[in-house]
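Close look at the chain arrangement
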Amino acid sequence: MTAIRPAGADGRSAPAAPGGAAAGGRGVGTTARGSLFGLAGSAANALFGFVLVAVITHGLGAGGAGAVFTGVAAFTILSNALKLGADTALVRFVSRDLELSGGAGVPALLRISVLPTLLASAAGAAVLLCSPGLAGLLLPELDPGQAAALIRLFAVFLPVTTVALVLLGATRGYGSVVPFVGVEQIGKPAVRVLLAVPLVLLAPSVAGLSAAWLAPGVLGAVAACVSLRRSRRAHPGSGQPTSQAREFWAFAGPRAVSSVFDITAVWIGVILLSALGTGTDAGIYTAIGRLVTAGSLLQLAIRLAVAPQISRLLAGGDTHGAHHLHRLSTRWIALFSWPVFLVLAAYPRTVLSLFGPGFDEGAVGLVVLAAACLVNVGVGNAQTVILMAGRSVWNLVVAGTAFVMQLGSGVWLVPRYGVLGAAVSWGLAIVVDNGASALLARYRLGFRTVDRGYLYAAAIGIVTVALPVFALRTLFGDSLPGALLGIVLAIGAFGAAVWRYRLPLGVGEFFGALRKRGSGNSP
């Protein structure tokens, strides 16, 4: 990987790379443990997110819920844009610095990353506070005064949330997913539910429930600061720090733009439906998005854990270990994520009915997105590989192309087909983004995805999950009894097949890595 420079700026050689097997084993062990914790956090996030959506939709109806989530969408897009790509850059550069100098350069990295993001987010908040007309554009179904007050409320919390995301990126660079998972996936979602439930019972309102979603961000920022201080004390560094400002922002700049595309792709459907469709459609689409996010739990969990490990392996010169870690993690993602989307595609109306009456109108849209997500999880974390190899410009080009296709098709499809149009445009973007990233990772960086174990994972998903759930769908229709029976049969067949073919699937390597806690593991 020629873009990764293993020597410091002073020309001295980097520390000798560990042996391939040892480094690869270290990466596998740390990734396995981090993935399990990340999976638990992702599951908690999905559960709390599901409960929050259900609470808000039942308290405000689909129209009121659509207004809340339109504000959440705009806020999420802005906060991810105004962190300027510094969070992902810190994951890469902090992990590299730990490999090369033991963490001596981290204070400098924090100085060059935190202040610009604080200034940018403060400027963004000021723009929102001074732009009442924007509120009417985003929330046309609300009273103009109420819409303007809601946008001002989101603006107040923008800087603290943005800086917290950057600090959590630095903690991930230390190799631990615990702070990020604890704050973003467990702590904040849980507090949001605890605040929203009494509000819905006593005085449900769009402003009150929006505040319940925003307020936990302050506690999250405090927790991020404490966690980062602990990580820095544990790794004071023993090497010579190097000046990395130019290289840092050369990487972070393209990533800043591509991260806007990434997060906007998730939320643009809600915004388009609110502006070009109805608030009810926006609420239904939000529910579909929650289900798609829930199906991607393992992929997100492994992404959090694998990114700093691949960066450290590449910085240490162990490309073989990095390639092995990518193949193994992709196999885990595909094996355990494909069944979820197959079930969603087989029983969309049954699953959406859990949100309340009227939400089953988004069934066809859910099928479209479930099919697209089969491609998403099937290529693993190809985008992460590209970024940790330093190719943020490649990631920008791919993400930008996918987003332009999504936005263009969404503007045309949403007014005509509503929720289905938004789902088709997002599904198209998912396939283009992930497919192109996988091709770049394979043919430009040499990261191969498909091997013998991957083929076993694909066959198991088709035979043990797809066949029983769609067979029972044909017999009983899209009904709760058919869904429950299909899921029970699929779980039994899937579990037996995974045990039978555990060796080629690498299941033994995964759990074996969990039992090893050698000195090379990250905290």
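Rules of the game
Residues numbered from 1 in each chain as written. Predicted model: local features only at pLDDT ≥ 70, side-chain atom pairs only at ≥ 80, totals over all residues. Heavy atoms only, no water. Helix = DSSP H or I, 4+ residues; strand = E, 2+ residues; numbered from the N terminus. Expected span 1.5 Å × (residues − 1). Buried < 20%, exposed > 50% of the residue type's maximum accessible area, 1.4 Å probe, protein only. Arc of directions from axis to C-beta. Contact = heavy atoms within 4.5 Å. Patch = residues over 30% accessible without salt bridge, like charges linked within 9 Å, V, L, I, M, F, W, Y side chains within 5 Å. Areas by Shrake-Rupley, 256 points an atom, 1.4 Å probe, with all protein chains shown as cover. Salt bridge = Lys/Arg side-chain N within 4 Å of Asp/Glu carboxyl O. Lys, Arg positive; Asp, Glu negative; His and termini not counted. Charge placed at Lys NZ, Arg CZ, Asp CG, Glu CD.

Our next topic: helix α9 (residues 216-234). Structural remark: α-helix, 3.6 residues per turn; residues separated by three or four positions point the same way. In this model α9 runs 27 Å from its N-terminal to its C-terminal C-alpha over 19 residues, within 8% of the 27 Å that 1.5 Å per residue would give. Within the sequence span of α9, burial applies to Pro216, Gly217, Gly220, Ala221, Ala224, Leu228 and Ser231. Along the axis of α9, the buried residues cluster in a sector spanning 140°; they form a single face. Of the exposed residues in α9, the ones pointing more than 90 degrees away from its buried face are Leu219, Val222, Arg229, Arg230 and Arg233. In this structure, the buried residues of α9 make contact with α3 (106-129), α6 (158-173), α7 (178-202) and α8 (206-214).

With that out of the way, let us pick up a positive patch on the surface. Together, Arg111, Arg229, Arg230, Arg232 and Arg233 make up a positively charged patch on the protein surface. Broken down by element, the residue count for the positive patch peaks at four residues, all from α9. Arg229 sits in the exposed class, given a relative accessible area of 54%.

There is a patch of nonpolar side chains on the surface, built from Leu475, Phe476, Leu485 and Leu489 and spanning about 400 Å² of accessible area. The set of elements that each furnish at least two residues to the nonpolar patch consists of α19 (452-476) and α20 (480-500). As for its placement among the helices and strands, Leu489 is situated in helix α20.

Before going further, it helps to examine α6. End to end, α6 covers 23 Å across 16 residues, agreeing with the expected 22 Å (1.5 Å per residue, within 8%). Burial analysis of α6 places 15 of its 16 residues in the buried class, which makes it a mostly covered element. Immediately beyond the C-terminal end of α6, within one or two residues, lies Gly175, with a positive phi of roughly 95°.

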